[in-house]
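Residues per chain are reported as follows:
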Amino acid sequence: MFHIYCPYCEEHREEEEFHPKGQAHIARPEDPEACSDEQWGDYLFFRDNPRGIHHELWVHAVGCRKFFNITRNTVSYEILETYKMGEAPRFTAEHPEGRPAETVAAERTAAGADKVERQQGAKA
Amino acid sequence: MSEQTASWFNVYNVRPETEVPTESPLAWSCHHSGRPSVSEKSRVVLRERAMLGHLILRGGAIMLDEAVREVLGFGLPGRPNTLTRDESGERSIQWLSPDEWLVIVPGGEEFDLEGKLREALGDAHDSSDNHYAIVNVSGGQTLLELEGECARELLMKSTPYDVHPDAFPVGKGVTTIFAKASLILRRPTEDRWELVLRRSFADYLYRWILDAGREYAIGVDA
Ligand SMILES: [Zn+2]
């Protein structure tokens, strides 16, 4: 039994309340019809199995029932962080010591602004 | 598309107006497992508040907060895992998830309340950013009250959630595990705990609570 911090409930809850749902950040191909069988097969069935830092999708099944992400070390089982859907992890394979939260937040804001610009561009 | 979907719902009064007998989710359980009476030895007292009105609200917090303030006179809880109540304590709103709240009102008020909320939210569904849902779940769950000096002891045997007053102050409410089932556990006042059970778990949980409360001479207040 251990505790997991739910970023939506904003508190630590018993492991029993959660379910793991596999690798996180798997984007569905935007145009499935244009995928090759290999691309579609990769998307559906193939997952990473890294030694060390891994980003996983979890759900707070008995609780708020929201999906969120966990960065976990597959060697030590240590949970390095939990973060909401749409957010970027601080701890990655390139930055196992963790990047400052401000850097990640700034990148996200920049990426968000870029996305809005592109959407507006598409409308115009 | 959005113009069409906006009108694709029907609102029904699920409370029969005819003389059909209504039964709480615990009717059979009380008949089958009995109702130990309350004595001066009872250090836990259980009471069912059957047939209350339960509504689930889903949507954006700001939009729903405005609507419930207008209709009920008090707002949504601002923090996760908390609840707000009106002055009488008979009407409450509990945070269940970032876009979901449970409203509990005296039985019979829920149908009228749903209509008024839909009216207050009126134009909200015109915009795809402001969709919402209201579901009357009154028939699907029931509320139990737990009181007495050993109520917290009983909870500690039943749920992994920390019910110490430091971790569970008055005004808190969570959805959590209870005796391998799940329920909503809340603490509206200093001495009273409330358990919101699903109908399908009600009999199991009633029998669990009677068993767990035996050592405290649990009594069921009719
Ligand atoms: Zn949660």
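The rules behind each value
Residues numbered from 1 in each chain as written. Chains lettered and ligands numbered in written order. Predicted model: local features only at pLDDT ≥ 70, side-chain atom pairs only at ≥ 80, totals over all residues. Heavy atoms only, no water. Helix = DSSP H or I, 4+ residues; strand = E, 2+ residues; numbered from the N terminus. Contact = heavy atoms within 4.5 Å. Areas by Shrake-Rupley, 256 points an atom, 1.4 Å probe, with all protein chains shown as cover. Donors = N, O, S within 2.8 Å, 3.2 Å for Na, K, Ca; no water. Tetrahedral: all angles 85-135°; square planar, octahedral: opposite > 155°, others 65-115°. Buried < 20%, exposed > 50% of the residue type's maximum accessible area, 1.4 Å probe, protein only. Pairing = 2+ DSSP bridges. Core = buried A, V, L, I, M, F, W, Y, C linked by side-chain atoms within 4.5 Å. Phe/Tyr/Trp six-rings, centres within 6.5 Å; stacked < 30°, edge-to-face > 60°. Buried area = accessible area lost by both parts, 1.4 Å probe. Salt bridge = Lys/Arg side-chain N within 4 Å of Asp/Glu carboxyl O. Polar contact = N/O pair within 3.5 Å; in protein donor to acceptor, adjacent residues only side chain to side chain. Nonpolar A, V, L, I, M, F, W, Y, C, P; charged D, E, K, R; others polar. Axes fitted to C-alpha atoms, helices over the stretch in contact; angles between N-to-C directions. Parallel < 35°, antiparallel > 145°, perpendicular 65-115°, else oblique. Left-handed = near helix turned anticlockwise from the far one by under 90°. pLDDT = per-residue confidence, 0-100.

Colleague: What's the story with the overall build of chain A in this structure? I'm lost.
Modeller: Within chain A, the secondary structure is distributed over 2 helices and 6 strands. The long-range fraction of contacts in chain A, counting pairs at least 24 apart against all pairs at least 6 apart in sequence, stands at 41%. Taken as a whole, chain A presents about 8,300 Å² of accessible surface, with 52% of it coming from carbon and sulfur.

Colleague: I keep staring at the coordination of the zinc ion and nothing clicks. Help me out?
Modeller: Reference geometry at the metal: tetrahedral coordination by four donors gives ideal angles of 109.5 degrees; octahedral coordination by six donors gives 90 or 180 degrees. Residue and element names in this part refer to chain A. At the metal site, the zinc ion is ligated by C6 (SG), C9 (SG), H60 (ND1) and C64 (SG), and these contacts range over 2.0 to 2.4 Å. Classification of the site at the zinc ion as tetrahedral follows from its 4 donor atoms and the range of 106 to 115° in their angles at the metal. Here the donor residues of the zinc ion are spaced in sequence according to C-x2-C-x50-H-x3-C. Residue H60 is classed as buried on the basis of its relative accessible area, which comes to 0%.

Colleague: Any chance you could explain the pairing of strand β6 (residues 133-136) of chain B here in plain terms?
Modeller: Walk down a regular strand and you will see the side chains alternate between the two sheet faces. All names here are of chain B. Here β6 shows a clear split, with I134 and N136 buried on one side and none of A133 and V135 buried on the other. Strand direction decides the pairing type here: strand β2 (residues 53-58) and β6, joined by 4 bridges, are antiparallel. Bridge pairing in β6 places L57 opposite I134.

Colleague: Sorry if this is basic, but what is going on with the nonpolar core here?
Modeller: It is characteristic of soluble globular proteins that their nonpolar side chains tend to be buried jointly. In this structure, B:L146, B:L185, B:L195 and B:I209 are the most contacted members of the largest nonpolar core, which totals 31 residues. Mapped by element, the contributors of at least two residues to this core are β7 (141-147), α5 (151-158), β8 (172-178), β9 (181-187), β10 (193-198) and α6 (199-213) of chain B. Sort the elements by how many residues they give to this core and α6(B) lands first, with 6 residues. If we ignore the near neighbours within four places in the chain, the residues touching B:L146 are B:V44, B:V45, B:L46, B:A151, B:L154, B:L155, B:D191, B:R192, B:W193, B:L195 and B:I209. A:W58, B:L113, B:Y132 and B:I134 belong to the second largest nonpolar core, which has 28 residues in total.

Colleague: Would you mind going over the packing of aromatic side chains with me for this structure?
Modeller: Any two aromatic rings considered together are summarised by their centre-to-centre distance and by the angle between their planes. Residue and element names in this part refer to chain B. For the coordinates displayed, the defined rule picks out 5 aromatic pairs over all chains. A centroid spacing of 5.6 Å and a plane angle of 80° characterise the contact between Y161 and F168, whose relative ring orientation is edge-to-face. For Y161, a relative accessible area of 9% corresponds to the buried category. What makes F168 buried here is its relative accessible area of 0%. Each ring, one from F168 and one from W193, has its centre 5.0 Å from the other, and the planes form 70°; the classification is edge-to-face. Of this pair, F168 sits in the loop between α5 and β8 while W193 sits in strand β10, and the two are 25 residues apart along the sequence. Residue F168 shares its accessibility class with W193, and that shared class is buried. In this structure an aromatic cluster arises from ring pairing among Y161, F168 and W193.

Colleague: Could you clarify how one ought to interpret the interface of chain A and chain B in this entry?
Modeller: How big an interface is tends to be stated in terms of accessible area lost as the parts join. On the chain B side, the residues contacting the 14 residues of chain A number 18 residues. Here chain A and chain B share an interface that buries about 1,200 Å² over both sides, 49% of which is from carbon and sulfur atoms. There are 4 salt bridges connecting chain A and chain B. A salt bridge links B:E100 to A:R65; the shortest N-O distance between them is 3.1 Å. Across the contact surface, chain A and chain B share 9 residue pairs in polar contact (both at pLDDT 80 or more). Of the residues in the side of chain A that touches chain B, the class split is 5 nonpolar, 1 polar and 8 charged.

Colleague: Just checking my understanding: could you explain the packing of helix α3 (residues 61-72) of chain B against helix α4 (residues 110-121) of chain B for this structure?
Modeller: To characterise two packed helices, one gives the angle between the axes of the helices and the distance between these axes. Residue and element names in this part refer to chain B. Between α3 and α4, the least distance of the axes is 9 Å, while the angle of their chain directions is 125°. Between α3 and α4, the interaxial angle falls into the category oblique. Our pair here, α3 against α4, has a crossing hand that is right-handed. Across the interface between the two elements, M63, L64, A67, V68, E70, V71 and L72 of α3 pack against L113, K116, L117, A120 and L121 of α4. Here the residues of the contact of α3 with α4 are counted per class, giving 10 nonpolar, no polar and 2 charged.

Colleague: Which parts of the structure should I look at to understand the confidence of the model for chain A?
Modeller: Confidence in the prediction for chain A averages 88 pLDDT; 88% of positions are at 70 or higher. A low-confidence stretch, residues 116-124 of chain A stays under pLDDT 50, and its non-local contacts, those more than four residues away or across chains, total 0 contacts.

Colleague: Help me understand the side chain of A:H55, please; the structure alone is not making it clear to me.
Modeller: All names here are of chain A. Among the structural elements, H55 can be located in strand β4 (residues 53-59). According to the relative accessible area criterion, H55 is buried, its value standing at 17%. For H55, the side chain forms a polar contact with the side chain of T71, separated by 3.1 Å. Of the polar contacts made by the side chain of H55, one reaches the side chain of Y83; its length is 3.4 Å. Once residues lying within four places of it in the same chain are set aside, the contact partners of H55 are Q23, A24, H25, I70, T71, Y83, P89, F91 and T92.

Colleague: Honestly, the pattern of salt bridges in this entry has me stumped. Any pointers?
Modeller: Oppositely charged side chains can pair when the atoms bearing their charge come close. Residues and elements named next belong to chain B. As enumerated under the stated definition, the model contains 25 salt bridges over all chains in all. Between D86 and R91 there is a salt bridge; the shortest N-O distance is 2.8 Å. For the salt bridge of R207 with D203, the shortest nitrogen-to-oxygen distance reads 3.0 Å. Pair noted here: R207 and D203 are both in helix α6, with a separation of 4 residues, about one helical turn. The network of salt bridges with common partners includes R47, R49, E145, E147, R186, R192, E194 and D221.

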